[in-house]
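# Notes for the structure review
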There are 2 protein chains.
Amino acid sequence: MAYRSTERVKARLSASRERIIAAALEIMAGHGYAGCSIAAVAERAGVATGSVYRHFPTKAHLFAEVFRTASQREVDAVAGAAARQATTAAQVSAVVETFAGRALRSPRLAYALLAEPVDPAVDAERLVFRRAYAELLAGYVAAGMASGELPPQDPELTATALVGALAEAMVGPLAAGVAGPSTIPNLVTVIHRALGVTP
Amino acid sequence: MAYRSTERVKARLSASRERIIAAALEIMAGHGYAGCSIAAVAERAGVATGSVYRHFPTKAHLFAEVFRTASQREVDAVAGAAARQATTAAQVSAVVETFAGRALRSPRLAYALLAEPVDPAVDAERLVFRRAYAELLAGYVAAGMASGELPPQDPELTATALVGALAEAMVGPLAAGVAGPSTIPNLVTVIHRALGVTP
DNA sequence: GCAAGAAGTGAACCATCATTCAAAACTTGC
DNA sequence: GCAAGTTTTGAATGATGGTTCACTTCTTGC
């Protein structure tokens, strides 16, 4: 037994893995999923194509993780912003503003995460992403109902519908390239009304 | 000049073209876009694979047309149902009920049209489909504002958001396979609130 | 019936990449 | 330095399925 991987090597492996994920994310944010061949990712990460397969069994696995990483970052940002608010109305405003603001600031990435055609196995990860938002929102809706701030409703359904509304409202502008300054406030208003926030 | 295509031949060509589109649609409704190879479509239409290319330059062109056909049918059904109503509230109810009812009755097709991963060129057609719904809704929203039935708002944005809400609310049930009997009425309620329909 | 042209055929072709793998380079403990 | 094992490499492989094309079959006008 003359060799046994040591901490230093493990750290390098792990760093390599991270670089691959980062490279994939960068290419996705720059050229969309379409531009993400394994060869391109490997080159950007500074490794050989074959090395990618030491870390991920298939391309789908790699991109599932890329999606998961990027999505988690988004959800965390939104959840963090919402958590700082006290009322349901303010929490929902924070969700919408954070979600939309970030999407408009990184349109290419947002498009890739929300709507770009991807491998079916990766698409599944997108559902998880959307569900995470829905569950975040559903929590606030349920709390709002409990406190009497919102009328009785099915929190899951409302939350799902709102996630769809948010995503769709972003994809349009992202494709068209422009969103007026009133887009976000108007969206907040619509969504407040949908929830039944008393004005 | 010994040959010049005649009416009879033109009719046969056209019939062939229609059969190809119909076959593609049937396979899509049965097995999703994933199961739609040109070979499978050709076989179902009763022609050779090469013949498909007499009618469509590429697979993407064929399926763009398939999507267009199917989408138009959906939009027409929804528009027809809404047109029979007098108030904005009733028109919007008709849109939601017709859209959702049809989707739940043909879940596989609905999933393919709404959310299944497809070729990017075909995906573009999906945007047209969604935009058609959005424009239909925007018209009713604008009319409702004009009549005072709805509060002031950006009809385009509201309509876009509602299309997203509808689609998202359908994709979950379509994937899971079930939608409770209260899904549609609840969805109508949420959307009425979003629009600001006075109860 | 025949020539000219159009439509139909389907097996072969080919481009694209994800994936593999044999060899090379590197690590480790002694 | 060496043996044993691990990681890296990147060109070759291979699967998929859209697309082509040389050939056959059909249609038309005379």
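This structure is a prediction, so every number in the text was calculated from the model and none was measured. (Residues numbered from 1 in each chain as written. Chains lettered and ligands numbered in written order. Predicted model: local features only at pLDDT ≥ 70, side-chain atom pairs only at ≥ 80, totals over all residues. Heavy atoms only, no water.)

### Topic: the overall build of chain A
The secondary structure content of chain A amounts to nine helices and zero strands. Referenced to the eigenvectors of the C-alpha coordinate spread, the extents of chain A come out at roughly 70 × 40 × 25 Å. In chain A, the share of contacts with a sequence separation of at least 24, taken over all contacts with a separation of at least 6, comes to 67%. Taken as a whole, chain A presents about 9500 Å² of accessible surface, with 56% of it coming from carbon and sulfur. (Helix = DSSP H or I, 4+ residues; strand = E, 2+ residues; numbered from the N terminus. Contact = heavy atoms within 4.5 Å. Areas by Shrake-Rupley, 256 points an atom, 1.4 Å probe, with all protein chains shown as cover.)

### Concerning the relation of the copies chain B and chain A
Rotating chain B by 179° about the axis while translating it 0.0 Å along that axis superimposes it on chain A, leaving an RMSD of 0.2 Å. These values place the two chain copies in the arrangement generated by a two-fold rotation axis. Relative to the rotation axis, the closest C-alpha in chain B is found at Ala194 of chain B, a distance of 1.9 Å. Both copies present the same face, since 100% of the interface residues in chain B are matched by interface residues at the equivalent positions in chain A. (Least-squares fit on C-alpha atoms with pLDDT ≥ 70 in both.)

### Focus: the interface of chain B and chain A
At the junction of the two partners, chain B supplies 27 residues and chain A supplies 28 residues. Both sides together, the interface formed by chain B and chain A hides about 2100 Å², and carbon and sulfur atoms give 67% of it. Of all residues in chain B, the largest losses of buried area upon contact with chain A belong to Leu157, Glu168 and Arg193 of chain B, amounting jointly to 30% of the total for that side. Our count for the contact surface shared by chain B and chain A stands at two salt bridges. Among the salt bridges present, the one from Arg130 of chain A reaches Glu168 of chain B, with a minimum N-O distance of 2.3 Å. Our count for the chain B to chain A interface comes out at six residue pairs in polar contact (both at pLDDT 80 or more). When residues of the side of chain B that touches chain A are traced back to their parent elements, those giving at least two are helix 7 (120-147), helix 8 (155-176) and helix 9 (183-195) of chain B. (Buried area = accessible area lost by both parts, 1.4 Å probe. Salt bridge = Lys/Arg side-chain N within 4 Å of Asp/Glu carboxyl O. Polar contact = N/O pair within 3.5 Å; in protein donor to acceptor, adjacent residues only side chain to side chain.)

### Some words on the nonpolar core
If you look at the biggest cluster of nonpolar residues, it comprises 135 residues, and the most contacted ones within it are Met28, Leu62 and Phe63 of chain A together with Met28, Leu62 and Phe63 of chain B. Beyond its immediate chain neighbours, meaning those up to four positions away, Met28 of chain A contacts Tyr33, Cys36, Phe63, Val66, Phe67, Arg108, Leu109, Ala112 and Leu113 of chain A. (Core = buried A, V, L, I, M, F, W, Y, C linked by side-chain atoms within 4.5 Å. Buried < 20%, exposed > 50% of the residue type's maximum accessible area, 1.4 Å probe, protein only.)

### Some remarks on helix 5 (residues 88-105) of chain B
For helix 5 of chain B, built from 18 residues, the straight-helix expectation of 26 Å at 1.5 Å per residue is met to within 8% by its first-to-last C-alpha distance of 25 Å. Of all 18 residues in helix 5 of chain B, 13 are buried, a share of seventy percent or more. (Expected span 1.5 Å × (residues − 1).)

### As for the packing of helix 5 (residues 88-105) of chain A against helix 7 (residues 120-146) of chain A
Residues and elements named next belong to chain A. At a minimum axis separation of 9 Å, helix 5 and helix 7 run at an interaxial angle of 160°. On the basis of their axis angle, the class for helix 5 and helix 7 is roughly antiparallel. Remark: the crossing between helix 5 and helix 7 carries left-handed chirality. Of the residues in helix 7, those touching helix 5 at Thr88, Gln91, Val92, Val95 and Phe99 are Tyr133, Leu137, Tyr140 and Gly144. Here the residues of the contact of helix 5 with helix 7 sort into six nonpolar, three polar and no charged. (Axes fitted to C-alpha atoms, helices over the stretch in contact; angles between N-to-C directions. Parallel < 35°, antiparallel > 145°, perpendicular 65-115°, else oblique. Left-handed = near helix turned anticlockwise from the far one by under 90°. Nonpolar A, V, L, I, M, F, W, Y, C, P; charged D, E, K, R; others polar.)

### Considerations on empty space enclosed by the protein
One pass over the full model with this rule turns up three cavities of 30 Å³ or more. If you trace the largest cavity, you find it lined by Ala161, Leu162, Ala165, Val190, Ile191 and Ala194 of chain A together with Ala161, Leu162, Ala165, Val190, Ile191 and Ala194 of chain B. Elements that contribute at least two residues to the lining of the largest cavity include exactly helix 8 (155-176) and helix 9 (183-195) of chain A together with helix 8 and helix 9 of chain B. Of the residues in the lining of the largest cavity, the class split is 12 nonpolar, no polar and no charged. (1 Å grid on protein atoms, 1.4 Å probe; cavity = no way out; pocket = protein on both sides within 12 Å on 5 of 7 lines; lining within 4 Å. Points joined across faces, edges and corners; volume = space filled by probe spheres on them.)

### Notes on the domain arrangement of chain A
Residue and element names in this part refer to chain A. Per the domain assignment, the segments of chain A are domain 1 (1-56) and domain 2 (63-195). The centre of domain 1, based on its C-alpha atoms, is set 30 Å off from the matching centre of domain 2. Summed over both sides, the interface of domain 1 with domain 2 buries roughly 1200 Å², with 73% coming from carbon and sulfur. Considering only the surface of domain 1 that becomes buried against domain 2, Leu25, Met28 and Tyr33 emerge as the three largest contributors, covering 52% of it. The interface formed by domain 1 and domain 2 contains one salt bridge. When the shortest N-O distance is used, the salt bridge between Glu65 and Arg17 registers 2.8 Å. Applying the counting criterion to the domain 1 and domain 2 interface returns three residue pairs in polar contact (both at pLDDT 80 or more). In terms of residue count, helix 1 (residues 7-31) provides more of the side of domain 1 that touches domain 2 than any other element does, eight residues in total. The class makeup of the residues in the side of domain 1 that touches domain 2 is 10 nonpolar, three polar and one charged. (Domains from an automatic or database assignment.)

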